[in-house]
Amino acid sequence: MAKDDNGAEDVTAADSPGAQLATSAASTAVVTRDALVNPGFPPHRPRITDLDPKEERKAERTVYTLFYVSIVGSVFAIAAYMAFPIVAEDPGSVRLNNLFIGLGLTLALLAIGIGAVHWGKALMSDHEGVDERHPVRGTEPVRARAVEIFQQANEESGFGRRTLIRNSLIGALVVFPLPAVVLFRGLGPMDQDPVALLHETLWKKGVRLTMDPSGTPIKAADVTLGSSFHVIPEGLSEMGHGRLEEKAKAAVLLIRMDPSDLIEQEDRKSWSYDGIVAYSKICTHVGCPVALYEQQTHHLLCPCHQSQFDVENHCKVIFGPAKRALPQLPIAVDAEGYLIAQSDFTEPVGPSFWERA
Ligand code: FES
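Going along each chain's sequence as written, the residues are numbered from 1 onward. Per-residue local features are limited, in this predicted model, to residues with pLDDT of at least 70; the limit for side-chain atom pairs, both in listing and counting, is 80 or more; totals at the level of whole chains, interfaces and linings are taken over all residues.

S.K.: So what exactly am I meant to see when it comes to unusual backbone geometry here?
M.R.: Keep in mind that most residues, glycine aside, have a negative phi and that most peptide bonds are trans. Note the cis peptide between D212 and P213, where omega equals 10°. Topologically, P213 is positioned in the loop between β4 (209–211) and β5 (228–233). In this structure, Q306 takes a positive phi of about 65° despite not being glycine. In this text, helices come from DSSP runs of H or I with a minimum length of four residues, and strands from runs of E with a minimum of two, each type numbered from the N-terminal end. Mapped onto the elements, Q306 comes out in the loop between β9 (299–301) and β10 (308–310). Here the C-beta atoms are placed from the backbone, and a residue counts as buried if at least 20 other C-beta atoms lie within 10 Å of its own, exposed if 12 or fewer do, and partly exposed otherwise. The exposure class of Q306 is partly exposed, given the 13 C-beta atoms found within 10 Å. Of note, C315 is a non-glycine position whose phi angle comes to about 55°, a positive value. Here C315 is to be found in the loop between β10 and β11 (316–319).

Rendered as C-alpha cells:
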C-alpha cells in the first residue's frame, strides 16, 4: 500500500479486490479509495424530557392517562353493546349500535396507539445503536449479552420501574379484546340451538312456491324452458318479525330444464316436476346466495368464492371450496297448477359445518 504526497494511503492493485482485475494488465496501476465512508451516527441531541424532570413527569402522566382512556373506550364499547341492542327490522337500532360500539373501539385503539408512541418518543432511551448480523442462534456470550441488553432496555424504558404506566398498559391490553368476545357472542342465536334452527325452514307440505320479493304464486305452466326464478315460501313476504332470518334459510332457486338433461337418482325422481327443479339458494360453503345461473351449461355459480354446482346432477359441487351439494326442495303441483313443496328440505341448508356440530 502506497502513500501519496499528502500522506494519504492509496490502494494498489494488490490491495483492492476490484482492482485485482487490472493487475495483470498493468502491475503498476494505482486506484484511489472509492468506498463510502461510514459517516457514523449524528451527535445525540437530548430531548426536553431528558433535561427537565418536570417535563419527564408530565410525559409519564400523559402516557398512563392515555392507557386509562383506552380502558374507558373498551368499557364504553361493551356498555354500548348492551345499551343499544340491535332490534330486528329496525335499521335505526343497527345504526346506533354500530355508531357507539365503533366510537368505543376507536377510542380504545387510538389511545393505546398514541400512548405507546408517546412513551417511545418522549421517555424511552433514544440512543441509536448498531446490531451486527449474526447466526440465528448466538453463542453463549452473545446470548448472555442479549439478556443483558434486555435488562438494560427494561431499565431504560422504565417498564419495570414505571409501574403506573406498565400496569395501565397491561390493563388496557387485557380489557381491549373483551368487546370482541361480546360482539362474537352476538353473531349467534341467543337462546336456541343453531343446528336445530337450520334443520327447519318455512317450507312444509303444500306451501306454494312464490316469487321473491312479490310473493306471487308460480304456476308450473309459467316456468318456461331455460328460465330460473328466485323463490320464497308463500306467506313469507307478509311476515313481520323474523322475516329476514326465515328468508335467509328458505330462499330457493327454481329452474326449468329439459327433463332429458336431468340425471336423477331413483329415490329423487319424484322431487322434480316436468324438468322443474328447486334448490336451496344458500351456498354450502359459507352461506352466500348462489344466484348466478348459466343456462348453457346448467351450472350455478356462487360469486363469493366461485363454487360451482351442477344443476343437471342434483347440484353436486363441480368446482370451488363448497363441500356439499345444494339441498334440493321436493316439489309438486297442486290441483290449480301451482308449484308447491312436498315437504321441508331433508337436510340442513347453508354452510356444512352446522351439520357436523
Ligand atoms: S360462499 Fe359460496 S363459494 Fe364461498
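S.K.: Is there a simple way to think about the UniProt feature "transmembrane region" (unreviewed entry) in the protein chain in this case?
M.R.: UniProt positions are given in the numbering used here, feature names are shortened, and annotations may be inferred rather than shown by experiment. Following the UniProt record, the feature "transmembrane region" (unreviewed entry) maps to residues 63–87, 99–119 and 169–188 here. Strand forms 0% of residues 63–87 and helix 84%; the C-alpha atoms that close the span are 39 Å apart. This span, residues 99–119, is 100% helix and 0% strand, and a straight line between its end C-alpha atoms measures 30 Å.

S.K.: How do you make sense of the packing of helix α3 (residues 53–83) against helix α4 (residues 91–122) when you look at a structure like this?
M.R.: Relative orientation and spacing of two packed helices are given, respectively, by the angle between their axes and the distance between those axes. The convention used is that axes are lines fitted to C-alpha atoms, helices contributing only their stretch in contact, and that angles between N-to-C directions extend from 0 to 180 degrees. α4 packs onto α3 with a crossing angle of 165° between their chain directions and a minimal axis gap of 7 Å. One element, α3, and the other, α4, form an angle in the roughly antiparallel class. For α3 against α4, the interelement crossing comes out left-handed. Residue type decides the class: Asp, Glu, Lys and Arg count as charged, Ala, Val, Leu, Ile, Met, Phe, Trp, Tyr, Cys and Pro as nonpolar, and the leftover types, Gly among them, as polar. Residues of the contact of α3 with α4, tallied by class, amount to 19 nonpolar, seven polar and no charged. Each angle is binned into one of four classes, with values under 35 degrees roughly parallel, values over 145 roughly antiparallel, values of 65 to 115 roughly perpendicular, and all other values oblique. Crossing handedness is read from the near helix: turned anticlockwise from the far helix by less than a right angle, it gives a left-handed crossing, and turned clockwise, a right-handed one.

S.K.: Where do I start with the sheet that holds strand β8 (residues 292–294) in this structure?
M.R.: What links the strands of a sheet is backbone hydrogen bonding, and the strands pair in either a parallel or an antiparallel sense. Taken in spatial order, the four strands line up as β8-β9-β10-β11 in an open sheet, and their pairing is antiparallel. In the strand order of this sheet, the two ends are held by β8 and β11, each with one partner. Pairwise comparison of adjacent strand axes, ignoring direction, gives a mean angle of 35° for this sheet. Pairing of β10 with β11, which is carried by three bridges, proceeds in the antiparallel orientation. Looking at the pairing, F309 lines up with V317 of β11. Any two strands are treated as partners once DSSP identifies two or more bridges connecting them.

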